[in-house]
Amino acid sequence: VPPSAPFLSSLYPRLEFQNDFYRSCIRRSSPQPPPNLAWRPESLYSGERAGGGYLSLSKVVPFSHYAGTLLLLLAGVACLRGIGRWTNPQYRQFITILEATHRNQSSENKRQLANYNFDFRSWPVDFHWEEPSSRKESRGGPSRRGVALLRPEPLHRGTTDTLLNRVKKLPCQITSYLVAHTLGRRMLYPGSVYLLQKALMPVLLQGQARLVEECNGRRAKLLACDGNEIDTMFVDRRGTAQPQGQKLVICCEGNAGFYEVGCISTPLEAGYSVLGWNHPGFAGSTGVPFPQNEANAMDVVVQFAIHRLGFQPQDIIIYAWSIGGFTATWAAMSYPDVSAVILDASFDDLVPLALKVMPDSWRGLVTRTVRQHLNLNNAEQLCRYLGPVLLIRRTKDEIITTTVPEDIMSNRGNDLLLKLLQHRYPRVMAEEGLQVVRQWLEASSQLEEASIYSRWEVEEDWCLSVLRSYQAEHGPDFPWSVGEDMSADGRRQLALFLARKHLHNFEATHCTPLPAQNFQMPWHL
């Protein structure tokens, strides 16, 4: 039996309204204008409103109830946490010590505050980049925009920088900027990724507690010229009987390294005073680890070591692992009076390593992005330093090789050594010297190294006398013209001697901790 009309009209009110309208139009005997419907939404859409439209009141009201309930729950949790902290005598004692330290940063207050582990953002600033009086008086120091960096040369020399050329380069520059600030920075410094830091936090807290409790480490917050806060840890060994405790080793960690668990352990085991710091954006340090921010952080760390900790530049050794070579070479270039530089598993330039992990079709984009935003030019900076340098090459390194770990000649540490020697001793590192050093670098074991060294009958006493006599006559400034009037055999001997003094091999992979017995001071005349 078909349903009745009232039943249908109750189900489909709009259908009944439309049918009545069409019937009235058909029954008209004379043409008349259609009835004025006035498009009343309350009559046409009453069913849609009653039946649950997108903005129906029946849905808005429960949503507001849910949101209000959630806000009340959050407020209740916050109140309960506040009440719990206020009723906790240990927390009240911590707040008292923290407020006292903000008012008076005495050594006793800092010692008591170091017993607590809390959000480092609340830690008071211990050292400001403008604190040294020499910085305030000199105009050549760093500004708030940052310290000075070596700028890369233009890709195309001799081209005029007209407005049209700038417009043509704009899309490429925008693309490079986006790549560097999204994918590039996180690939280069994975330690700045929040999820990785969250996963490592228990290990970092344990390492920090070990440095404070077992090594009497002192934590400090440094404010760099760009506004970033740098988290540091200082272990003082000057009061011990070990003579190396009078020397300070500033450690520069790798791209996923933290001072809590990083290369700081090597000089600590060797008995040196140590100052470790975290990259901007790592653990307690704020900011983003771009080259400019890295150099700004290293600058305030060195200033802190000199003006607050009381070490002379001649008593400071810069030690770096992997990508930390950039800040280490920048410090050596900017503070030429530092005692020595030790670079472990580092490289000469970032571009070849970046091209290794990216598609070959991206070569132009990768090169442009690195040069403009991520230019880690370690070799160029190291050549500006005149002091002793030691390079440690990992013979099984899988990170800074451009092919496979077994191909030791693709290790970019070789290029770092060659560029340093070619800059300092250009006459010695001519064709004969360069060739024999490359043969020596191809050796993958100590036996092969000794075989090449003995094949050319290197007389170390003769090499030392030649270098010392040249230094006494011409001074220590590089580059030297020694070897200019020397035979080919003499240049080979001198080149092998210098290469062996500047580079030591360590049979290990990239991330193997360096033993304390391998931490040696660089050779110098």
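Small disclaimer: the values here were computed from a predicted structure and weren't measured.

Novice: Is there a simple way to think about the overall build of the chain in this case?
Specialist: The helix and strand tally for the chain stands at 21 helices and nine strands. Each of the 525 residues in the chain was classed as buried or not, and the buried ones make up 43%. Sequence-distant contacts, at least 24 apart, represent 72% of the contacts inside the chain between residues at least 6 apart.

Novice: Mind showing me how you'd approach the packing of helix α12 (residues 291-307) against helix α13 (residues 325-334) here?
Specialist: The description of two helices packed together rests on the angle between their axes and the distance between the axes. At their nearest, the axes of α12 and α13 sit 9 Å apart, and the two run at 55° to each other. The orientation of α12 relative to α13 falls into the category oblique. Of the two possible hands of crossing, α12 and α13 adopt the one that is right-handed. Contacts between α12 and α13 involve Pro291, Glu294, Ala295, Met298, Asp299 and Val302 on the former and, on the latter, Phe326, Thr327, Trp330 and Ala331. For the contact of α12 with α13, the per-class residue count stands at seven nonpolar, one polar and two charged.

Novice: Sorry, what's going on with the packing of helix α9 (residues 163-188) against helix α15 (residues 363-373) here?
Specialist: Between α9 and α15, the least distance of the axes is 9 Å, while the angle of their chain directions is 75°. One way to sum up the angle between α9 and α15 is to call them roughly perpendicular. For the pair α9 and α15, the contacting residues are Cys172, Gln173, Thr175, Ser176, Tyr177, Val179, Ala180 and His181 in the first and Leu365, Arg368, Thr369, Gln372 and His373 in the second. When its residues are assigned to classes, the contact of α9 with α15 shows five nonpolar, seven polar and one charged.

Novice: Even after reading the chapter, I still don't get the confidence of the model for the chain, so can you show me in this structure?
Specialist: Regions with low pLDDT carry predicted coordinates that are not meant to be interpreted in detail. Mean pLDDT for the chain: 87, with 85% of residues reaching 70 or above. Predicted confidence is poor over residues 3-18, with pLDDT under 50, and the contacts of this stretch with residues over four places away or in other chains come to six contacts. Note on residues 35-52: pLDDT is under 50 here. Beyond four places in sequence and across chains, it has 10 contacts.

Novice: Is there a simple way to explain the pattern of salt bridges in this structure?
Specialist: In a structure, side chains of opposite charge can pair up when their charged atoms sit close to one another. Counting across every chain of the model gives 17 salt bridges. Between Asp119 and Arg121 there is a salt bridge; the shortest N-O distance is 2.5 Å.

Novice: What is the right way to read the environment of Leu204 from this model?
Specialist: Along the chain, the position of Leu204 falls in helix α10 (residues 194-213). Under the relative-accessibility criterion, Leu204 is labelled buried at 3%. Along the sequence, Leu204 and Val261 sit 57 residues apart, while their C-alpha atoms lie 6.6 Å from each other. If we skip the residues at most four places from it in the chain, Leu204 touches Phe258, Glu260, Val261 and Ala283.

Novice: Please explain the side chain of Ser346 as it appears in this structure.
Specialist: Examined against the element boundaries, Ser346 turns out to sit in the loop between β7 (340-344) and α14 (350-357). At 3.1 Å, the side chain of Ser346 and the backbone oxygen of Ser322 are in polar contact. Ignoring any residue separated from it by four or fewer positions in sequence, one finds Ser346 in contact with Ser322, Gly325, Asn378, Ile400, Arg412 and Gly413.

Novice: Quick question: what am I supposed to make of the sheet that holds strand β6 (residues 316-321) here?
Specialist: Strands in a sheet are paired, the pairing made by backbone hydrogen bonds, and the direction either parallel or antiparallel. If you trace the nine strands from one edge of the open sheet to the other, you get β1-β2-β3-β5-β4-β6-β7-β8-β9, paired in mixed fashion. This sheet does not close on itself; its edge strands, each paired only once, are β1 (127-128) and β9 (503-506). As judged from the six bridges shared by strand β2 (residues 218-223) and strand β3 (residues 229-235), these two strands associate in the antiparallel manner. Among the inter-strand pairings, Leu222 is bridged to a residue of β3, identified as Ile230.

Novice: Is there a simple way to think about the packing of aromatic side chains in this case?
Specialist: Geometry of an aromatic ring pair is reported as the spacing of the ring centres plus the angle between the planes. Inspection of the entire model under this criterion finds 17 aromatic pairs. Judged by centre distance (6.4 Å) and plane angle (70°), the ring pair of Trp330 and Tyr335 falls under edge-to-face. Residue Trp330 is classed as buried on the basis of its relative accessible area of 2%. Here the aromatic cluster, defined as three or more aromatic residues joined through ring pairs, consists of Tyr91, Phe94, Tyr116, Phe118, Phe120 and Trp123.

Novice: Would you mind going over a negative patch on the surface with me for this structure?
Specialist: A contiguous patch of negative charge, built from Glu457, Glu459, Glu460 and Asp461, is present on the exposed surface. The topology assignment puts Glu460 in helix α20 (residues 460-474).

Novice: How do you make sense of α20 when you look at a structure like this?
Specialist: Residue pairs spaced three or four apart in an α-helix point in one direction, given the helix's 3.6 residues per turn. An ideal rise of 1.5 Å per residue puts 21 Å on 15 residues; α20 measures up with 21 Å between its terminal C-alpha atoms. Those residues of α20 that fall on the buried side of the exposure criterion are Cys463, Leu464, Val466, Leu467 and Tyr470. Taken around the axis of α20, the buried residues stretch over an arc of 160°, which confines them to a single face. In this structure, α20 carries Asp461, Ala472 and Glu473 as exposed residues pointing more than 90 degrees from its buried face. Check the buried side of α20 and you find it contacts α21 (488-502). Gly475, located one to two residues past α20, shows a positive phi value of around 95°.

Novice: Would you mind showing me how to read the nonpolar core here?
Specialist: A general feature of soluble globular proteins is that nonpolar side chains tend to end up buried together. Residues Ile250 and Ile318 are the most contacted members of the largest nonpolar core, which totals 97 residues. Mapping this core onto the domain boundaries places at least three of its residues in each of domain 1 (127-136 + 167-376) and domain 2 (386-524). Sequence-distant contacts of Ile250, defined by excluding residues within four places in its chain, comprise Leu275, Trp277, Met298, Val301, Val302, Ala305, Ile316, Ile317, Ile318 and Tyr319. Within the second largest apolar cluster, 26 residues are counted, among which are Val274, Phe506, Leu514 and Ala516.

Novice: How should I be thinking about helix α6 (residues 89-103) in this particular structure?
Specialist: In this model, α6 (15 residues) spans 21 Å end to end at C-alpha, consistent with the 21 Å of a helix rising 1.5 Å per residue. Buried residues of α6: Phe94, Ile97, Leu98, Ala100 and Thr101, and no others. Viewed along the axis of α6, the buried residues span an arc of 165°, placing them on a single side of the element. Opposite the buried face of α6, by more than 90 degrees, sit the exposed residues Pro89 and Arg103. Contact partners of the buried residues in α6: α7 (107-113). The distance from a side-chain oxygen at the start of α6 to the backbone nitrogen of Gln90 is 3.0 Å, and the residue carrying that oxygen is Asn88.

Novice: Can you walk me through the side chain of Asn414 in this structure?
Specialist: Position of Asn414 relative to the elements: it lies in helix α17 (residues 412-424). The class of Asn414 is buried, set by a relative accessible area of 2%. If near-sequence neighbours (up to four positions away) are discounted, Asn414 is found in contact with Arg393, Ile408, Met409 and Leu441.

Thresholds, definitions, all that
Residues numbered from 1 in each chain as written. Predicted model: local features only at pLDDT ≥ 70, side-chain atom pairs only at ≥ 80, totals over all residues. Heavy atoms only, no water. Helix = DSSP H or I, 4+ residues; strand = E, 2+ residues; numbered from the N terminus. Buried < 20%, exposed > 50% of the residue type's maximum accessible area, 1.4 Å probe, protein only. Contact = heavy atoms within 4.5 Å. Axes fitted to C-alpha atoms, helices over the stretch in contact; angles between N-to-C directions. Parallel < 35°, antiparallel > 145°, perpendicular 65-115°, else oblique. Left-handed = near helix turned anticlockwise from the far one by under 90°. Nonpolar A, V, L, I, M, F, W, Y, C, P; charged D, E, K, R; others polar. pLDDT = per-residue confidence, 0-100. Salt bridge = Lys/Arg side-chain N within 4 Å of Asp/Glu carboxyl O. Polar contact = N/O pair within 3.5 Å; in protein donor to acceptor, adjacent residues only side chain to side chain. Pairing = 2+ DSSP bridges. Phe/Tyr/Trp six-rings, centres within 6.5 Å; stacked < 30°, edge-to-face > 60°. Patch = residues over 30% accessible without salt bridge, like charges linked within 9 Å, V, L, I, M, F, W, Y side chains within 5 Å. Areas by Shrake-Rupley, 256 points an atom, 1.4 Å probe, with all protein chains shown as cover. Lys, Arg positive; Asp, Glu negative; His and termini not counted. Charge placed at Lys NZ, Arg CZ, Asp CG, Glu CD. Expected span 1.5 Å × (residues − 1). Arc of directions from axis to C-beta. Core = buried A, V, L, I, M, F, W, Y, C linked by side-chain atoms within 4.5 Å. Domains from an automatic or database assignment.

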